[in-house]
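# A look at the structure
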Amino acid sequence: MTLETLLAKLPESDYRPSARDLVGLSAIDAAAQRRFLEVWRALSIQRRRDLIDRLVDLAEDNVEYDFNSVFMAGLLDDDVQVRTESIKALWDYEEPDLARVLLRLLKDPEAMVRAESALGLGRYLLRAELLEREIGVIPEIETALRAVANDELELPEVRGRAIEALGVRGHQWVRDLIEDAYASGERRLQISAVHAMGRNADLDWLPTIIEEMHSEDGEMRFEAAVAAGGIADEEAVPELSLLVSDEDTEVQEAAIAALGQIGGPSSRAILEQIAADSTDERVLEAVSDAMAEADFVEDPMALRQYLDRAAEDDEEDEGEGY
């Protein structure tokens, strides 16, 4: 189906485009994007929501597809769900034009859009930290997120997301912000503070993180496990070994993943024991992923060679008709 045919059919309420039809929206040029926008604005809210969801699934299954033009259109949609999901869908988009839009969306009327925008801006901060250089828009992002995090009139959910986003930065004022949030007595801010501790990756946070692994709050235990994985120090292994049997399945999976991020003999022994004892497919899949992560932590080149060999074997099997 041509792109023009697809655009003509999209407004039809009884038309459900196939995956093959939707591929026509991948990597569209400027002229096609203008035509798409004309059609997009006339679609029903439900059609726009469904379209974003379908394209997200397609992009996750096929990394060669590029639906960023559609997702960028979704950022300015009048539906809160479309705006929110479009931000999430652009998780690997690195150009500064998105940062400019997200900075505007930090003032969106809907809290869930503001919160997701804060997380989206945090990805730019993470890249800057990993590259160890200041990308042009970074100071503006830090200033905007800091203002949100300190705004007592803002909802705790949004403030918390801003603190999480800022957590990757090494400034003293970021540490102070995390400490203040943790000491605030506001549950949402405390949970976000623990999340930010993991992103901050400073060993000084580890005693607090380990303490929160014993929290009565399942979400706090989850974030503590995630944070322990972010810091990746073996001191957290004994406590994580207890969380792999937590009553909350999400906490279990977070603890298993953290053991993989930490790696080393102790973590590996625990993961191997879980694999030997469990018959739960969910748990076994989590352990398999964690073991692969541990392999990478311990020897990145060896894992890369293993994956390359596996890919070559798959290609040979396909060539033989299996």
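So, here is what we can say about the structure in this document. The structure displayed is predicted, hence computed values, not measured ones.

### A few points about a negative patch on the surface
Where like charges cluster on the molecular surface, the negative patch consists of Asp50, Asp53, Asp57, Glu60 and Asp61. Locating Asp57 in the fold gives a position in helix 4 (residues 45-61). Given the relative accessible area of 45%, Asp57 is considered partly exposed.

### What about the side chain of Arg188?
Within the secondary structure, Arg188 is located in helix 12 (residues 187-200). A polar atom in the side chain of Arg188 sits 3.4 Å from the side chain of Glu157. For Arg188, the contacting residues outside a window of four places in its chain are Pro156, Glu157 and Glu219.

### Structural notes on the side chain of Arg268
Along the polypeptide, Arg268 turns up in helix 17 (residues 264-277). The class of Arg268 is buried, set by a relative accessible area of 19%. When near neighbours in sequence (up to four residues on either side) are disregarded, Arg268 contacts Met291, Ala294, Asp295 and Glu298.

### Regarding the environment of Val39
Note that Val39 resides in helix 3 (residues 30-40). For Val39, a relative accessible area of 7% translates into the label buried. Along the chain, Val39 and Val82 lie 43 residues apart, while their C-alpha atoms are 16 Å from each other. If near-sequence neighbours (up to four positions away) are discounted, Val39 is found in contact with Leu7, Leu10 and Pro11.

### Comments concerning the packing of helix 16 (residues 249-262) against helix 18 (residues 281-298)
Viewed as axis vectors pointing N to C, helix 16 and helix 18 meet at an angle of 20°, and their least axial separation amounts to 6 Å. Put simply, helix 16 runs roughly parallel to helix 18. Where helix 16 crosses over helix 18, the handedness of that crossing is right-handed. Residues Thr249, Gln252, Glu253, Ile256, Ala257, Gly260, Gln261 and Ile262 of helix 16 form the contact with helix 18, whose own contacting residues are Arg282, Val283, Ala286, Val287, Ala290, Glu293, Ala294 and Val297. Classifying every residue of the contact of helix 16 with helix 18 by side-chain character gives nine nonpolar, four polar and three charged.

### Examining unusual backbone geometry
The phi dihedral of Ala27 falls on the positive side, at around 50°, and the residue is not glycine. You can see Ala27 is positioned in the loop between helix 2 (19-22) and helix 3.

### What to know about the environment of Trp40
Note that Trp40 resides in helix 3. When its relative accessible area of 3% is taken as the criterion, Trp40 is described as buried. Taking C-alpha positions, Trp40 is 50 Å from Val237, a pair spaced 197 residues apart along the chain. Not counting the four nearest positions on each side in its chain, Trp40 is found in contact with Arg48, Leu51, Ile52, Val70, Ala73, Gly74, Asp77 and Val82.

What counts, and at which threshold
Residues numbered from 1 in each chain as written. Predicted model: local features only at pLDDT ≥ 70, side-chain atom pairs only at ≥ 80, totals over all residues. Heavy atoms only, no water. Patch = residues over 30% accessible without salt bridge, like charges linked within 9 Å, V, L, I, M, F, W, Y side chains within 5 Å. Areas by Shrake-Rupley, 256 points an atom, 1.4 Å probe, with all protein chains shown as cover. Salt bridge = Lys/Arg side-chain N within 4 Å of Asp/Glu carboxyl O. Lys, Arg positive; Asp, Glu negative; His and termini not counted. Charge placed at Lys NZ, Arg CZ, Asp CG, Glu CD. Helix = DSSP H or I, 4+ residues; strand = E, 2+ residues; numbered from the N terminus. Buried < 20%, exposed > 50% of the residue type's maximum accessible area, 1.4 Å probe, protein only. Polar contact = N/O pair within 3.5 Å; in protein donor to acceptor, adjacent residues only side chain to side chain. Contact = heavy atoms within 4.5 Å. Axes fitted to C-alpha atoms, helices over the stretch in contact; angles between N-to-C directions. Parallel < 35°, antiparallel > 145°, perpendicular 65-115°, else oblique. Left-handed = near helix turned anticlockwise from the far one by under 90°. Nonpolar A, V, L, I, M, F, W, Y, C, P; charged D, E, K, R; others polar.

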